[in-house]
Amino acid sequence: MTNESIAFAAVTADSYLDEMMARVGVDGLAAAFAEPGLLAVVDQHAAAVREALLDAGRTIDAEGLAAYARSIAAAAVRMSRPLPEPGGAPTTVAGWSGAGWPLLRLVAVCLIAESAGLL
């Protein structure tokens, strides 16, 4: 699935969150749990995601998180910063420490989804 199709495809919220976990969540969360400073950054992104959803009148559920993730993925594509394919995300703490805002925000979405038992 290309970045454009993952950003705009009419897939279920659960499927979209699974796709984001495969693309960035697994490796990003592993790196964050290995490095407290990186985890703090991801936690700050997660707080911003929660606030944005609540400010938009959305609930923090699979549908709200998937809609938010779709908007971040679409913005990344527009900025010519495509998302990695599954298995293509950075695998080291150093790689994630240099990751751009869209990837860190999507890792935060995955953190929230995982913590809420949505994945």
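Residues numbered from 1 in each chain as written. Predicted model: local features only at pLDDT ≥ 70, side-chain atom pairs only at ≥ 80, totals over all residues. Heavy atoms only, no water.

A few words now on the overall build of the chain. Along the backbone of the chain there are six helices and zero strands. Its helices and strands in sequence order give the chain the pattern α-α-α-α-α-α, from N to C terminus. For the chain, the C-alpha radius of gyration of 13 Å lies close to 14 Å, the compact-globule estimate for 119 residues. For the C-alpha atoms alone, the extent of the chain along its principal axes is close to 35 × 30 × 25 Å. In the chain, which comprises 119 residues, the share counted as buried stands at 44%. (Helix = DSSP H or I, 4+ residues; strand = E, 2+ residues; numbered from the N terminus. Rg over C-alpha atoms; globule rule 2.2 N^0.38 Å. Buried < 20%, exposed > 50% of the residue type's maximum accessible area, 1.4 Å probe, protein only.)

Quick look at the packing of helix α4 (residues 62-78) against helix α6 (residues 101-115) now. Between α4 and α6, the shortest axis-to-axis distance is 10 Å and the interhelical angle comes to 165 degrees. Considering their axes alone, α4 and α6 lie roughly antiparallel with respect to each other. Our pair here, α4 against α6, has a crossing hand that is left-handed. Residue-level contacts link Leu65, Tyr68, Ala69, Ile72 and Ala76 of α4 to Trp101, Pro102, Arg105, Leu106, Val109, Ile112 and Ala113 of α6. (Axes fitted to C-alpha atoms, helices over the stretch in contact; angles between N-to-C directions. Parallel < 35°, antiparallel > 145°, perpendicular 65-115°, else oblique. Left-handed = near helix turned anticlockwise from the far one by under 90°. Contact = heavy atoms within 4.5 Å.)

The next point concerns the packing of aromatic side chains. Going through the model one piece at a time under the given rule, you end up with zero aromatic pairs. Stacked on the ring of Tyr16, the Lys or Arg Arg70 has its end atom at 4.5 Å from the ring centre. (Phe/Tyr/Trp six-rings, centres within 6.5 Å; stacked < 30°, edge-to-face > 60°. Lys NZ or Arg CZ within 6 Å of the ring centre and 35° of its normal.)

So, about the environment of Gln44. With respect to the helices, strands and loops of the structure, Gln44 is situated in helix α3 (residues 36-55). The class of Gln44 is exposed, set by a relative accessible area of 58%. For the pair Gln44 and Ala108, spaced 64 residues apart in the sequence, the C-alpha separation amounts to 8.3 Å.

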